[in-house]
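Descriptive structure summary
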Amino acid sequence: MYYGLGIGAGVVPNSSYLLDVGASVPSRFQGDLKVYGEINPTTNTVIGNSLTVNNNTTLSGLLTVNSNATVNGSLNVNTNATVSGSLAVNSNAIVDGSLTVNNGKGVAYNTSSATNLKIFPFTTATFFAILPGFGLSAEGSIGFNGGFTGTPRVFVGDIDATGGSTGELYRVQLQLYGCSTTSGATSCKARLLNTSPNPVNYSITWNCVAIGY
């Protein structure tokens, strides 16, 4: 024998659903609702406050959380998920489609492996370009701690700051090569090249970016 509650016209509880609410009957819990089994809605789910999921949850419809959402297990969303507050994932999150952040901006990803890409912008120390026409400096180096596990690709960007006035500043190039990474710290060999026929005498720092994993 079992006891149940059916809400709505023609709704009769049974051994599978002791609490059975009809499809046309709105339901509201004004206090806390704890579910220790599965939640498997087939239409939209709207939560006006915080959502904490301690086990697996599969949603076939739209999930909207207007405050914070914390997922300690797996979260599989087959359509859209909108979180207006913070989303904390303490385990894995799998996205088969596009993932955008910061109001629709893209996320860098690695097309050749499952490892996430890291983008690390940095500014070099000051180089002193005292070179004759078409001169090449002695070998120097740059270093930065970007937390990379492998050696990243390092690109030279724009000039950040300069000092001096002798020669054509913008004919001086920073050439990087021979990069290596150990324990998250990356170093690259560096030379300055004066591409003009006239001498130069400048102090220069460059903005650079490293991309890797």
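One structure accompanies this document, and this report is about it. (Residues numbered from 1 in each chain as written. Predicted model: local features only at pLDDT ≥ 70, side-chain atom pairs only at ≥ 80, totals over all residues. Heavy atoms only, no water.)

Details of the state of the cysteines
Defined as follows: When the sulfur atoms of two cysteines come within 2.5 Å, that pair is taken as a disulfide.
Within this structure, the stated rule accounts for one disulfide. Between the sulfur of Cys179 and that of Cys188 lies a disulfide, 2.0 Å long from S to S. With the S-S bond torsion at 110 degrees, the cross-link from Cys179 to Cys188 turns out right-handed.

What about the nonpolar core?
Note the following rule: Take the buried residues of types Ala, Val, Leu, Ile, Met, Phe, Trp, Tyr and Cys, join any two whose side-chain atoms come within 4.5 Å, and each joined set is a nonpolar core. A 1.4 Å probe rolled over the protein chains alone gives each residue an accessible area, and that area as a share of the maximum for its type sets the label: buried under 20%, exposed over 50%, partly exposed in between. Secondary structure is summarised from DSSP: a helix means a run of H or I of at least four residues, a strand means a run of E of at least two, and numbering begins at the N terminus for each. What makes two residues a contact is simply this: any of their non-hydrogen atoms within 4.5 Å.
Ranked by size, the top nonpolar core spans 20 residues in total, and within it Phe122, Phe127, Leu192, Ile204 and Trp206 carry the most contacts. Taken together, the elements giving at least two residues each to this core come down to strand E12 (127-131), strand E13 (140-148), strand E15 (172-182), strand E16 (184-194) and strand E17 (200-212). For Ile204, the residues in contact, after removing those within four places along its chain, are Ala125, Thr126, Phe127, Ala129, Ile159, Ala161, Thr162, Leu169 and Val172. Among the nonpolar cores identified, the runner-up in size contains five residues, and Leu51, Val53, Val65 and Ala69 belong to it.

Observations regarding the side chain of Asn207
Our working rule: Throughout this description, a polar contact denotes any pair of N or O atoms lying within 3.5 Å of each other; where both atoms belong to protein, one of them has to be capable of donating a hydrogen while the other can accept it, and for residues adjacent in sequence the pair is counted only when both atoms sit in side chains.
Mapped onto the elements, Asn207 comes out in strand E17. Looking at Asn207, its side chain comes within polar contact range of the side chain of Thr123, at 2.8 Å. Not counting residues within four places of it along the chain, the set of residues in contact with Asn207 comprises Phe122, Thr123, Val156, Gly157, Asp158 and Asp160.

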